[in-house]
Protein chains: 2
Amino acid sequence: MGFAETFKALSDPVRRDILTLLKKGSLSAGEIGSHFDMTGATISYHLSILKKADLVFENKQKNFIYYELNTSVVEEVMLWLADLKGGNDNEP
Amino acid sequence: MGFAETFKALSDPVRRDILTLLKKGSLSAGEIGSHFDMTGATISYHLSILKKADLVFENKQKNFIYYELNTSVVEEVMLWLADLKGGNDNEP
DNA sequence: AGACTATTTAGAAATTTCTCTAAATACAGG
DNA sequence: CCTGTATTTAGAGAAATTTCTAAATAGTCT
């Protein structure tokens with residue numbers, strides 16, 4: 001719930017690739033994992049970081065867990081950057 | 001020159017604070033350092049990372065080095081995020 | 001040139017991050 | 001209930017990051 005966690009989450013290439021994958025729609029942990037050359041445990045670790053940063057949320061169905069992009073947090077990060085760039089001094 | 005470096009650079013709170021400081025205008029390394037409770041060497045390390053990520057550029061004057069925010073890279077990051085969020089599939 | 005100031009570089013220690021293997025949990029379906 | 005599949009948790013090792021102190025550069029000014 002702070003930018004710290006969000007930016008940290010975005011700082012890893014694997015996690016950014018996961019988010020890009022999720023752009024087209026929700027995917028199960030296994031489906032996500034199949035795009036990478038790493039164990040499911042490692043993917044699970046990355047997903048947990050994205051989840052803690054609120055960049056994704058999960059959706060249990062059967063015994064699959066589907067992950068979905070949380071665009072509202074992406075938007076918050078964009079606002080932070082816009083403020084940095086814009087130099088508008090009216091952000092609290 | 002890649003997002004990897006840029007996001008990594010943005011992932012540290014000290015470096016984000018430096019960028020926020022630079023929002024109001026350019027500052028010398030020493031002036032930046034005076035806002036933090038760390039040695040000048042550590043600030044220099046953070047500045048080098050921001051510089052490698054092209055998030056700031058430097059400007060020598062007398063024997064001071066002034067650092068300035070590079071808003072164009074901030075904009076590139078915003079575009080990446082906009083694409084992620086928007087799901088507009090027209091980005092090359 | 002010499003002294004002084006500003007900043008960076010080098011090396012080392014503490015901490016954090018990423019990845020793996022192995023084991024645990026959760027749940028579905030016969 | 002038992003077996004099988006999907007995912008997470010725990011523990012450990014390797015690699016990267018952050019910070020410090022001490023020393024090196026670079027440039028100014030008398």
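Residues numbered from 1 in each chain as written. Chains lettered and ligands numbered in written order. Predicted model: local features only at pLDDT ≥ 70, side-chain atom pairs only at ≥ 80, totals over all residues. Heavy atoms only, no water.

(A) Structural view of the protein's contact with DNA strand D. The environment of DNA strand D is made up of 23 residues, and the closest members are Gly30 and Tyr67 of chain A together with Thr42, Tyr45 and His46 of chain B. The contact atoms of DNA strand D, taken as those within 4 Å of the protein, divide so that sugar and phosphate hold 74%. In this structure, a base oxygen belonging to DNA strand D sits 3.3 Å away from a side-chain N or O atom of Asn63 of chain A. At a separation of 3.2 Å, a phosphate oxygen of DNA strand D approaches a polar backbone atom of Thr39 of chain B. Broken down by secondary-structure element, the contributors of at least two residues to the surface near DNA strand D are α3 (29-33), α4 (40-52) and β3 (64-69) of chain A together with α4 (40-52) of chain B. For the surface near DNA strand D, the element with the highest residue contribution is α4 of chain B, accounting for five residues. Classifying every residue of the surface near DNA strand D gives nine nonpolar, nine polar and five charged. (Near = heavy atom within 4 Å. Polar contact = N/O pair within 3.5 Å; in protein donor to acceptor, adjacent residues only side chain to side chain. Helix = DSSP H or I, 4+ residues; strand = E, 2+ residues; numbered from the N terminus. Nonpolar A, V, L, I, M, F, W, Y, C, P; charged D, E, K, R; others polar.)

(B) The sheet that holds β3 of chain A, seen in detail. All names here are of chain A. With antiparallel pairing, three strands are arranged side by side in an open sheet as β1-β3-β2. The open sheet has two edge strands, β1 (27-28) and β2 (56-61), and neither has a second partner. As paired elements, β1 and β3 share two bridges and run antiparallel to each other. Paired with Leu27 across the strands is Tyr67, a residue of β3. Packed onto the sheet, helix α2 (residues 13-22) meets β1, β2 and β3 and runs at close to 90° relative to β3. Together, β2 and β3 form the strand contacts of α4, whose direction differs from that of β2 by roughly 115°. (Pairing = 2+ DSSP bridges. Contact = heavy atoms within 4.5 Å. Axes fitted to C-alpha atoms, helices over the stretch in contact; angles between N-to-C directions.)

(C) How the structure looks around the interface of chain A and chain B. The interface of chain A with chain B comprises 26 residues on the first partner and 26 residues on the second. Around 2400 Å² of area is buried between chain A and chain B when both sides are counted, 72% of it from carbon and sulfur atoms. By the criterion of area lost to chain B, the three top residues of chain A are Lys23, Leu84 and Lys85 of chain A, representing 26% of everything that side buries. At the boundary of chain A with chain B, the tally comes to four salt bridges. Linking chain A with chain B are two residue pairs in polar contact (both at pLDDT 80 or more). Those elements that provide at least two residues to the side of chain A that touches chain B are α1 (3-10), α2 and α5 (71-86) of chain A. For the side of chain A that touches chain B, the element with the most residues is α5 of chain A, which contributes eleven residues. The class makeup of the residues in the side of chain A that touches chain B is 13 nonpolar, five polar and eight charged. (Buried area = accessible area lost by both parts, 1.4 Å probe. Salt bridge = Lys/Arg side-chain N within 4 Å of Asp/Glu carboxyl O.)

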